[in-house]
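# Residue-level structural notes
Letter by letter, the chains look like this.
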Amino acid sequence: MTIAPIPKWDRPEPTKYPLDYAELTNIDISLTKTTEGKLQLVETIRDALTRVGFWIVTGTDFTEEEIEHQFALAQAFYNQPLEERNANKCDLANGGYFGYRGAWERKINGTDVLDNMELVNIPKYTADYADTPRHQLFRDHEAAIADFHRRCWYEVAKPLFELFALALELPEQYFVERHDYERPSQDHLRYMMYHPRSKEDDAKCNNLWSWDHTDYGSLTLLFSQTVSGLQVQMPDGTNKDIRPLKGSIVVNIADTLSFMSGGYLKSTIHRVHRPPPDQDHIHRVGVIYGCRPNDDVPVVVAPSPVLVRLGIATPKNTAITADAATAAEYIAARVKAVHASSTYGAAPGTVFKHKNLQILENYGSANSKSI
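These numbers were taken from a predicted model, which means no experiment stands behind them.

### Observations concerning the pairing of strand 16 (residues 357-360)
What you see with strand 16 is a clean split: Leu357 and Ile359 sit on the buried side and Gln358 and Leu360 on the side with no burial. Joining the antiparallel neighbours strand 15 (residues 351-354) and strand 16 is a turn of two residues, in which Lys355 adopts a positive phi near 55°.

### Here we look at the pairing of strand 11 (residues 249-253)
In terms of burial, strand 11 is a largely internal element, five of the five residues being buried. Because side chains alternate across strand 11, one face comprises the buried residues Ile249, Val251 and Ile253, and the other comprises Val250 and Asn252, equally buried. Relative to strand 11, strand 2 (residues 54-58) runs antiparallel, the two being bridged by four bridges. Residue pairing across strands places Ile56 opposite Val250, the latter belonging to strand 11.

### Some remarks on the packing of aromatic side chains
Per the counting criterion, the structure on display carries 20 aromatic pairs. Judged by centre distance (5.0 Å) and plane angle (85°), the ring pair of Phe77 and Tyr78 falls under edge-to-face. Put simply, the rings of Phe77, Tyr78, Tyr100, Phe138 and Tyr191 pair up and form one aromatic cluster. Seen from the ring of Tyr125, Arg134 lies directly overhead, with NZ or CZ sitting 4.0 Å from the centre.

### Description of the sheet that holds strand 1 (residues 25-28)
Pairing within the open sheet is mixed, and its eight strands lie in the order 1-2-11-8-13-6-5-3. This sheet does not close on itself; its edge strands, each paired only once, are strand 1 and strand 3 (99-101). Taken over all neighbouring pairs, the strand axes of this sheet differ in orientation by 25° on average, direction set aside. Of the strand pairs in this sheet, strand 5 (residues 117-122) and strand 6 (residues 188-194) are connected by six bridges, and their pairing is antiparallel. Residue pairing across strands places Leu119 opposite Met192, the latter belonging to strand 6. Along the sheet, helix 2 (residues 64-78) makes contact with strand 3, strand 5, strand 6, strand 8 (219-223) and strand 13 (284-291), crossing strand 6 at roughly 60°.

### Considerations on the nonpolar core
The biggest cluster of nonpolar side chains holds 106 residues, and the ones touching the most others in it are Trp55, Leu160, Phe161, Phe164, Phe175, Tyr191 and Leu219. Element by element, the count of residues in this core is highest for helix 5 (residues 142-167), at 13 residues. For Leu160, the residues in contact, after removing those within four places along its chain, are Ile29, Ile45, Trp55, Val57, Leu219 and Val251.

### Quick notes on the sheet that holds strand 12 (residues 270-273)
Strand order across the open sheet formed by four strands is 7-12-9-10, with antiparallel pairing between neighbours. For this open sheet the edge positions go to strand 7 (208-213) and strand 10 (239-241), each flanked by a neighbour on one side alone. Taken pair by pair, the neighbouring strands of this sheet meet at an average axis angle of 30°, ignoring direction. Judged from the three bridges that link them, strand 9 (residues 230-233) and strand 12 form a sheet pairing that is antiparallel. Considered in strand 12, the bridge of Val232 is made with His270.

### Some details on the packing of helix 2 against helix 5
In the contact formed by helix 2 and helix 5, the axes pass within 11 Å of each other and the chain directions differ by 120°. Regarding the angle of helix 2 to helix 5, the classification is oblique. As helix 2 runs across helix 5, the sense of the crossing is left-handed. Each of Glu66, Ile67, His69, Gln70 and Leu73 in helix 2 lies in contact with helix 5, whose residues at this interface are Ala144, Ile145, Phe148 and Arg151. Its residues assigned to classes, the contact of helix 2 with helix 5 shows five nonpolar, two polar and two charged.

### Some words on the side chain of Glu68
Secondary-structure assignment places Glu68 in helix 2. Among the residues examined, Glu68 registers a relative accessible area of 16% and is labelled buried. Setting aside chain neighbours within four positions, we find Glu68 in contact with Trp9, Arg11 and Lys246.

### Some words on the pattern of salt bridges
Enumeration over the complete set of coordinates arrives at 28 salt bridges. The partner of Lys204 in a salt bridge is Asp112, with the nearest N and O atoms 3.2 Å apart. Residue Lys204 is located in helix 7 (residues 199-204), and its partner Asp112 is located in the loop between strand 4 (107-108) and strand 5; the two are separated by 92 residues in the primary sequence. Relative accessible area serves as the criterion here: at 37%, Lys204 is assigned to the partly exposed category. If you follow the salt bridges from partner to partner, you end up with Lys38, Lys158, Glu162 and Glu172 in one network.

### Focus on the confidence of the model for the protein
The pLDDT averaged across the protein works out to 94; a share of 98% of its residues lies at or above 70. Contacts for the low-pLDDT stretch residues 365-371, under 50 throughout, to residues beyond four places or in other chains number 20 contacts.

### So, the environment of Leu310
Relative to the helices and strands, Leu310 is located in the loop between helix 9 (305-309) and helix 10 (315-318). With relative accessibility at 51%, the residue Leu310 sits in the exposed group. On a C-alpha basis, the gap between Leu310 and Asn207 in space is 40 Å, while along the polypeptide they are 103 residues apart.

### Concerning the packing of helix 1 (residues 35-52) against helix 5
Where helix 1 contacts helix 5, the axes come no closer than 9 Å and their chain directions differ by 80°. By the angle class used here, helix 1 and helix 5 are roughly perpendicular. Along the contact surface, helix 1 presents Lys38, Leu41, Val42, Ile45, Arg46 and Leu49, while helix 5 presents Leu160, Glu162, Leu163, Phe164, Leu166 and Ala167. The residue inventory of the contact of helix 1 with helix 5, partitioned by class, reads nine nonpolar, no polar and three charged.

Conventions we followed
Residues numbered from 1 in each chain as written. Predicted model: local features only at pLDDT ≥ 70, side-chain atom pairs only at ≥ 80, totals over all residues. Heavy atoms only, no water. Buried < 20%, exposed > 50% of the residue type's maximum accessible area, 1.4 Å probe, protein only. Helix = DSSP H or I, 4+ residues; strand = E, 2+ residues; numbered from the N terminus. Pairing = 2+ DSSP bridges. Phe/Tyr/Trp six-rings, centres within 6.5 Å; stacked < 30°, edge-to-face > 60°. Lys NZ or Arg CZ within 6 Å of the ring centre and 35° of its normal. Axes fitted to C-alpha atoms, helices over the stretch in contact; angles between N-to-C directions. Contact = heavy atoms within 4.5 Å. Core = buried A, V, L, I, M, F, W, Y, C linked by side-chain atoms within 4.5 Å. Parallel < 35°, antiparallel > 145°, perpendicular 65-115°, else oblique. Left-handed = near helix turned anticlockwise from the far one by under 90°. Nonpolar A, V, L, I, M, F, W, Y, C, P; charged D, E, K, R; others polar. Salt bridge = Lys/Arg side-chain N within 4 Å of Asp/Glu carboxyl O. pLDDT = per-residue confidence, 0-100.

Put into structure tokens, the structure is as follows:
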């Protein structure tokens, strides 16, 4: 069977509007290839880990052509008829997050406006997921997607986990062993699309396309694209835009890694705001890798000497007890709570709790009129 070539992705032009950009730490991941470079980066990354939880990764072995091809695949997926996209839907009611979730299916909490985001999550390419349903487009282009998928973990996530362990004075492979690519986990490569909405509808939602939130897993890798809107909450509570940098990856810490450090590593609060006027008509494509702990890993605080000295790690919260949620349990519970609902967005200050783990569902101001 002849497979049609994927049309190239036309990267949108950056906004010409002046935005208030966050100054983020730049981690040259190529330095992790030597012991000296690794030790240098441990010191560089401490502020990013504990203060903001967002940073930029450069120096990867991904070529610009490889990254652009992933955006092209995402664009090709969303150019398909809805019937084809719906061929493999997420089992959200049971906490399943592999497959497709459509846009315009849910109302934004407290409004009559429909959610404008759709996504598809592609599981790992390992024996455990050999029989997992995948869209035909992804089967046709499996070689390119599988290679990119694995390299996100081996070339970016794995060296970062080693840096985190060294920063916490843990064995270097401590987090790597709990996020092993070859074992079952909820890791996925995500193609995402935000669709433009009218000014009137966005005004009803505080001009937010995604409310102030943290991510479920351990690390999120966002491949840089040029449509503005992604904002990170700074330590002073202000929200600042992320400056696009071609070929880079924006990385943030997420819930399970924050839980494993007793909150020492900050799960980054971020949101997606309506883009500036010269970009608010563009369908915003995203390529993201979500890294989660292995399904059977209990989410408890790591016995780090650093955390012990700070009084964060204690015999009680490092112990694996019957109340300790596994990574798979926590993620499935959050997926059900957030995505299986007929509305999008909890009220500001809403708390989600599962076993020993607790997180806010919406970090927006309690005075916000919606989401």
